[in-house]
Amino acid sequence: FGSSACLSCEDGFYNPDPGSSACFTCAPGKFTNDDQTDCLLCPSGKISGVASSECTVCEIGKFAENEGSVECKFCNTDEVVKGSITAESGTKSKSGCICPAGKYLNNETSTCDTVPEGVKETVEGMNVTTMNLEMGFWRTTSDSSDILMCLAEDHCLGGSDPEKQCKEGHTGPLCAVCDKGFASTGSGPTLKCNICEGGDATLTIAIYLSLFIVTLGLAVGLACCCHRRKPNQDEDEDDDDDDDDINLTSADSLAASNRSTSRGLSSARAERAVKKVNGIMSAIAEVQPFIKIMFSYYQIVGGMSWGFDLNFPPIITSFLSFTSSIVNLDFLNLMPLGCITTSDFHRTLVVMTLGPFTLGFLNLLLYKAFKTCGSKQRANETFGWFLFMTFLILPSVSTKIFSTFACRDFDGDYGSYLKVDYSIDCNSEEHKRYVNYAGVCCAVFPIGVPLMYFFLLRRVKTLLDPGQKLLCFEKGEEEGLKAALEERERLEQENEDLASLSFLYSAYEPKCWYFEIVETMRKLILTGGLIFLGPGTSEQIAISMIICLGAIRIFSGFKPFVKQSHDNFSEVSQWQVFFVMLSAMMIKTKLDAGETSSEQGLYDVILVGIQFMSPLLLVGILLKKGETAARGLARSGVGSAQGR
């Protein structure tokens, strides 16, 4: 056409043949090569329109799966994965559509769902199999999306591989089972797996056995001091000589007179010593209800973390676990017995049920033997020991028995395991036999002991309550109570068998002779009974709080103790239980999830303060009683000195 030179094709146009008079446009999905002699297909991850000299990279959140694509497809669609994005631009297929951080691919719904609690929220592209767990969380298999909190944070390492999620020495459900070569101490959040090499385990067992013996000795001493004793008024009768029947010379008479004077001085000193001892015994006996109330408190709250299936702050958990082991005489949990013998819950159950049963049976045989021989005082003391033993062991043994029925089901085919010992399969034939054994034990301990209390006290009801209500109506509350107590004491002297039951009723007013049974049932319901109230749910805690408030109302309404200070201390203790339950509800409902670290620290301090309220009050009471007793002894000493 008269052109003097050849012209290059414009961008997006090409000419494959020499001598052509026109350039052709590249179709959508293609781009021109460098010398513009051909149109090439855009690779996957890129697109182009008409007459394009280069392809455009698909932006983040889109992909182009085929070569020669004319448009990028969105990841966030029902056809691909709802809620997904791409990790970078230029994604070549829908397999590159991943869930953003804080989401995971739900294979069943093909959607990106919010990760469960316990899964790291900073990792992109997770699906069920590759979910990356935080430390302190566990799951059954790589196909499970049921993320569970471990009993203690350091038991579980987290990560994405279920085969490597447990700390060294730990294995099994929730990493709460000790591996071979390791033995457990503690339970629940305080569980530790101790390596059995060397002598450390033996040393630990020796230390805790010594602590158990010391604690048992203190309990025995306290029971001996608190047991009622009648003053021996005839101590010196055998020392009197029948001088009137003997004819003495004057010298002999003088010597006899000197000896008599010496015996009189010795008798006076002995009388003063007896008075001091009786004063001390009286003070200790008055403190006994305070100690019983405080024991009951720690017996109840010591098992709440396990009963409610939640974790208190670590300092509270450790303190309550240790205190509970002491007041419940459950030292087996503190010793790595697995290093020297096979140890699991089933064997512990047998020891903790047959042991007290055997001791109680022998105690009753001894009581019968003393009674047959005519030694009523020793028989009554022996039976008093039997009642004291039932008070100490009943909550812990009952909780142990009830624990046999508390299993936890896991997702998939993982199975069902015993909450108190995750090494035990609840579906095994062996465990089913122990369930039957526990059913028999229920009739002996949590049912049998309160019934025994009832029949023992009901049999002597008229002696325990000589008409306090009528006396109070006639003389007024204070004088009526005083008269009823005096009458009860008189009846005790006439009926020596009552002395064996004093542990059950002596702290209560005569009209409230049955309140030790009420207290026993309260402890049983708020310890082992929690297992049957929808374990691990907020409803369980709510029902427990209602029961606790009901008990507070009963005790504050009846005011069953003889001493007002005992009533006040009991009410404080029960309010402590309520506030611990309220704290458990706050943890369960995650009301404290948004607190700052300083606020959480304050929350821990408040819980610690609640635990030490009873001991501090008891120390104050003991100091006051000691000061009063010291002043009384000082006055007694001054009076005696003046008499001399």
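Scope of this entry: the structure provided in the associated data block. (Residues numbered from 1 in each chain as written. Predicted model: local features only at pLDDT ≥ 70, side-chain atom pairs only at ≥ 80, totals over all residues. Heavy atoms only, no water.)

What follows deals with unusual backbone geometry. We note that Q36 has phi near 55°; this positive angle belongs to a residue other than glycine. Tracing the backbone through its elements, the reader meets Q36 in the loop between β3 (30-32) and β4 (39-41). We classify Q36 as buried; its relative accessible area is 16%. The phi angle at A51 is positive, at roughly 55°, despite the residue not being glycine. As for its placement among the helices and strands, A51 is situated in the loop between β5 (46-47) and β6 (56-57). Its relative accessible area of 24% is what places A51 among the partly exposed residues. (Helix = DSSP H or I, 4+ residues; strand = E, 2+ residues; numbered from the N terminus. Buried < 20%, exposed > 50% of the residue type's maximum accessible area, 1.4 Å probe, protein only.)

A few words now on a nonpolar patch on the surface. A contiguous nonpolar surface patch, about 570 Å² in accessible area, is contributed by F357, F361, L362, L365, V440 and V444. Where the nonpolar patch is concerned, the elements lending two or more residues are α5 (345-372) and α7 (429-444). Counting residues per element, the nonpolar patch draws most heavily on α5, at four residues. Counting through the fold element by element, V440 comes out in helix α7. (Patch = residues over 30% accessible without salt bridge, like charges linked within 9 Å, V, L, I, M, F, W, Y side chains within 5 Å. Areas by Shrake-Rupley, 256 points an atom, 1.4 Å probe, with all protein chains shown as cover. Salt bridge = Lys/Arg side-chain N within 4 Å of Asp/Glu carboxyl O.)

So, about the side chain of N132. Residue placement: N132 occurs in the loop between β13 (126-127) and β14 (137-138). Beyond its immediate stretch of four places on either side in the chain, N132 contacts G118, V119, K120, V123, M126, G159 and S160. (Contact = heavy atoms within 4.5 Å.)

Their axes nearest at 11 Å, the elements helix α6 (residues 376-403) and helix α8 (residues 448-459) cross at an angle of 145°. Considering the relative orientation of α6 and α8, their crossing is left-handed. Facing F383, F386, L387, T390, F391 and L394 of α6, the residues of α8 in contact are V449, M452, Y453 and L456. (Axes fitted to C-alpha atoms, helices over the stretch in contact; angles between N-to-C directions. Left-handed = near helix turned anticlockwise from the far one by under 90°.)

Across two bridges, the pairing between strand β21 (residues 415-418) and strand β22 (residues 421-425) is antiparallel. For L418, the partnering residue across the bridge sits in β22 and is D421. Here β21 hands over to β22 after two residues, the two strands then running antiparallel side by side. (Pairing = 2+ DSSP bridges.)

On to the state of the cysteines, then. Tallied over the full model, the rule gives 10 disulfides. The residue that forms a disulfide with C9 is C23, at a sulfur-sulfur distance of 1.8 Å. For the disulfide bridge between C9 and C23, the dihedral angle about the S-S bond is near -85°, and by the sign convention the bridge is left-handed. Here the residue C9 occupies a position in the segment before β1 (13-14), and C23 occupies one in the loop between β1 and β2 (24-25), the gap between them amounting to 14 residues. Covalent S-S linkage joins C178 and C193, the inter-sulfur distance amounting to 2.1 Å. With the S-S bond torsion at -95°, the cross-link from C178 to C193 turns out left-handed. (Disulfide = S-S within 2.5 Å.)

This part is about the pattern of salt bridges. Tallied over the full model, the rule gives eight salt bridges. Among the ionic pairs, D154 bridges to K167, the shortest N-O distance being 3.8 Å. With D154 in the loop between β15 (148-149) and β16 (170-171) and K167 in the loop between β15 and β16, the pair connects residues that are 13 residues apart, well separated along the chain. The exposure class of D154 is partly exposed, given its relative accessible area of 36%.

Our next topic: the nonpolar core. Membership of the largest hydrophobic core comes to 44 residues, with the highest contact counts inside it found for F383, L387, I401, F445, L457, L464 and L501. At the level of elements, α5, α6, α7, α8, α9 (461-464), α12 (502-505) and α13 (515-526) are the ones that each hand at least two residues to this core. It is α6 that provides the largest number of residues to this core, a total of 13 residues. One finds F290, V301, F555 and V577 within the second-largest nonpolar core, a separate group that totals 40 residues. (Core = buried A, V, L, I, M, F, W, Y, C linked by side-chain atoms within 4.5 Å.)

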